[in-house]
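Letter by letter, the chains look like this.
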Amino acid sequence: MDELIARISANVGTDPATATKAVGLILAFLQKEGPADKVGQLIAGFPGAEAAIAEAQGSGGLLSGLMPGVMGLGSKLMGIGLGMGEITGISKETIAFAREKAGSGPVDEVVNSIPGLSQFV
């Protein structure tokens, strides 16, 4: 996870604490919205994913919201202070990292199974 957070900080310009929260929210979203078997493969190959998800889920209701899907995730990410450019950058870095660690197959299946997600990653 440290490698990903360092990459996000360098390439997107987001501070490490916010980047960590954002990655946790993204992974928790994938876990909630994607096919369980493929998300399981993604998480198993992604160092630190389970801890990031647990932290995001314990962060004061950030995962409970009225807006479902990708728009709901975007709203949550904006709620931690990110702009659209940062959200896109962090999303792309997170999915690229997941592909490197867990393989393109399961990651692409997760991304393609969630309506609207592919346009952000």
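Right above here is the structure, for reference.
Note that the structure is predicted; figures quoted are calculated from it, not measured.

Draft legend 1. Spotlight on the pattern of salt bridges. Here the structure, examined in full by the defined rule, presents seven salt bridges. One salt bridge connects Glu3 with Arg7, and the closest N-O pair in it is separated by 3.7 Å. Taken together, the residues Glu3 and Arg7, both in helix H1 (residues 2-12) and four residues apart, mark about one turn of the helix. Residue class for Arg7 comes out buried when judged on its relative accessible area of 18%. We note a salt bridge from Asp108 to Arg99, for which the minimum N-O separation is 2.7 Å. Looking at Arg99, the relative accessible area reads 28%, which means it is partly exposed.

Draft legend 2. Seen up close, the side chain of Glu93. Mapped onto the fold, Glu93 is located in helix H6 (residues 84-102). The buried category is assigned to Glu93, whose relative accessible area is 16%. A polar atom in the side chain of Glu93 sits 3.0 Å from the side chain of Asn11. If we skip the residues at most four places from it in the chain, Glu93 touches Leu4, Arg7, Ile8, Asn11 and Val12.

Draft legend 3. Region of the structure containing the packing of aromatic side chains. Per the counting criterion, the structure on display carries one aromatic pair. On the basis of an interplanar angle of 70 degrees and a centroid distance of 5.0 Å, the ring pair of Phe46 and Phe97 is categorised as edge-to-face. Residue Phe46 is found in the loop between helix H3 (36-44) and helix H4 (49-57), and its partner Phe97 is found in helix H6; the two are separated by 51 residues along the sequence. For the residue pair Phe46 and Phe97, the accessibility class agrees, reading buried in each case.

Draft legend 4. Structural detail: the side chain of Ser91. Mapped onto the elements, Ser91 comes out in helix H6. Of the residues examined, Ser91 reaches a relative accessible area of 8% and is grouped as buried. If we ignore the near neighbours within four places in the chain, the residues touching Ser91 are Ile26, Phe120 and Val121.

Reading the values: rules and limits
- Residues numbered from 1 in each chain as written.
- Predicted model: local features only at pLDDT ≥ 70, side-chain atom pairs only at ≥ 80, totals over all residues.
- Heavy atoms only, no water.
- Salt bridge = Lys/Arg side-chain N within 4 Å of Asp/Glu carboxyl O.
- Helix = DSSP H or I, 4+ residues; strand = E, 2+ residues; numbered from the N terminus.
- Buried < 20%, exposed > 50% of the residue type's maximum accessible area, 1.4 Å probe, protein only.
- Polar contact = N/O pair within 3.5 Å; in protein donor to acceptor, adjacent residues only side chain to side chain.
- Contact = heavy atoms within 4.5 Å.
- Phe/Tyr/Trp six-rings, centres within 6.5 Å; stacked < 30°, edge-to-face > 60°.

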